[in-house]
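# A look at the structure
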Amino acid sequence: MQPAGPDDVAPAQALMLRVLEEDLGYGLRPEWHADVADPAAAYLRTPGQVLLLARDDDGVLMGTTAVRTGGPRSPQSLVERYAGRPVGQLVRVWVLAEHRRRGVARALVTAAARWAVTEGGYGTLCLHTDTAVPGAEAFWRSLPVVEVLDERVPGELLQTVHFELDVRALLGNPGPPADD
């Protein structure tokens, strides 16, 4: 896993756009995906944020993940939960279909968690997932996460569940969370 550099922006953006179309089925929505629309501004020029890439041995880009500063902007209960805390948000954990089931996503999450603690200075790492995406909920529940809020509403486009990742458990450093 490596942080993206200027030469990585276009291929990373292409991968993210492909996942939005092929896996999520709704494409780029600027109101949701400003970081995908301009990854360089979001991750290369914004302190406390990073875009990480997974490549195979031949240098083929397989997946992405990113850490953004701060918690979610909605719903209000989560805005209040994370206010004033050193929190990062794990986003864009996306692996192309032809590279799945090889541990890429888990390796990306582990690398992002390590970066969040060592480089980002975050004591809490939150995330959300769309449980309508096949395998998404099972993947997250296979990791040391705590469910924070289930926002699923039958019939809605997004079936969102919010989690906190237990970074210490993931990285093999048991003990109380860093911001307690």
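Thresholds, definitions, all that
Residues numbered from 1 in each chain as written. Predicted model: local features only at pLDDT ≥ 70, side-chain atom pairs only at ≥ 80, totals over all residues. Heavy atoms only, no water. Helix = DSSP H or I, 4+ residues; strand = E, 2+ residues; numbered from the N terminus. Expected span 1.5 Å × (residues − 1). Buried < 20%, exposed > 50% of the residue type's maximum accessible area, 1.4 Å probe, protein only. Arc of directions from axis to C-beta. Contact = heavy atoms within 4.5 Å. Core = buried A, V, L, I, M, F, W, Y, C linked by side-chain atoms within 4.5 Å. Pairing = 2+ DSSP bridges. Axes fitted to C-alpha atoms, helices over the stretch in contact; angles between N-to-C directions. Phe/Tyr/Trp six-rings, centres within 6.5 Å; stacked < 30°, edge-to-face > 60°. Right-handed = clockwise from strand over helix to strand, strands pointing away.

### Description of helix 1 (residues 9–22)
Between its terminal C-alpha atoms helix 1 stretches 20 Å, which fits the 20 Å expected from 14 residues at 1.5 Å a residue. Residues Val9, Ala12, Leu15, Met16, Val19 and Leu20 constitute the buried set of helix 1. All buried residues of helix 1 project into a common sector of 135° when viewed along the axis, lining one side. In helix 1, those exposed residues whose orientation departs by more than 90 degrees from the buried face are Ala10, Glu21 and Glu22. In this fold, the buried residues of helix 1 make contact with helix 2 (34–37), helix 3 (39–44), strand 2 (50–55), strand 3 (61–69) and strand 4 (87–95).

### Considerations on the nonpolar core
Counting residues in each nonpolar core, the largest one holds 29 residues, and the members touching the most others are Val67, Leu90, Val109, Leu125, Trp140, Leu143 and Leu165. It is helix 5 (residues 104–118) that provides the largest number of residues to this core, a total of nine residues. By size, the runner-up hydrophobic cluster in this structure holds 20 residues, among which are Ala4, Leu15, Ala66 and Val133.

### With respect to the environment of Cys126
Its location among the elements puts Cys126 in strand 5 (residues 124–130). It is 9.9 Å that separates the C-alpha atoms of Cys126 and Glu147, two residues lying 21 residues apart in sequence. Not counting chain neighbours up to four residues away, the residues in contact with Cys126 comprise Gly71, Pro72, Tyr82, Val87, Gly88, Gln89, Leu90, Phe163 and Glu164.

### Observations regarding the sheet that holds strand 3
Strand order in this open sheet of seven strands is 1-2-3-4-5-7-6, and the pairing throughout is mixed. The sheet is open, and its two borders are formed by strand 1 (2–3) and strand 6 (145–150), each paired with just one other strand. In the sheet, strand 1 pairs with strand 2 via two bridges, with the strands oriented antiparallel. Bridging across to strand 2, Pro3 finds its partner in Leu52. Strand contacts of helix 1: strand 2, strand 3 and strand 4, with the helix running at about 95° to strand 3, the strand carrying the most contacts.

### Side note on unusual backbone geometry
Residue Pro75 follows Ser74 across a cis peptide bond; omega there is -5°. Of note in this structure, Arg92 is not a glycine but carries a positive phi near 55°. Residue position: Arg92 is located in strand 4. Note on Arg92: relative accessible area 11%, which makes it buried. Phi angles above zero are rare outside glycine, and Arg101 is one such case at about 70°. Note that Arg101 resides in the loop between strand 4 and helix 5. Judged by relative accessible area, which is 86%, Arg101 ranks as exposed.

### Points about the packing of aromatic side chains
Using the criterion set out here, one finds one aromatic pair in the structure. Aromatic pair Phe139 and Trp140: ring centres 4.9 Å apart, planes at 70°, arrangement edge-to-face.

### Looking at the pairing of strand 5
Counting buried positions along strand 5 gives six out of seven residues, so the element sits mostly inside the fold. Each parallel crossover has a hand, and the one from strand 4 via helix 5 to strand 5 is right-handed.

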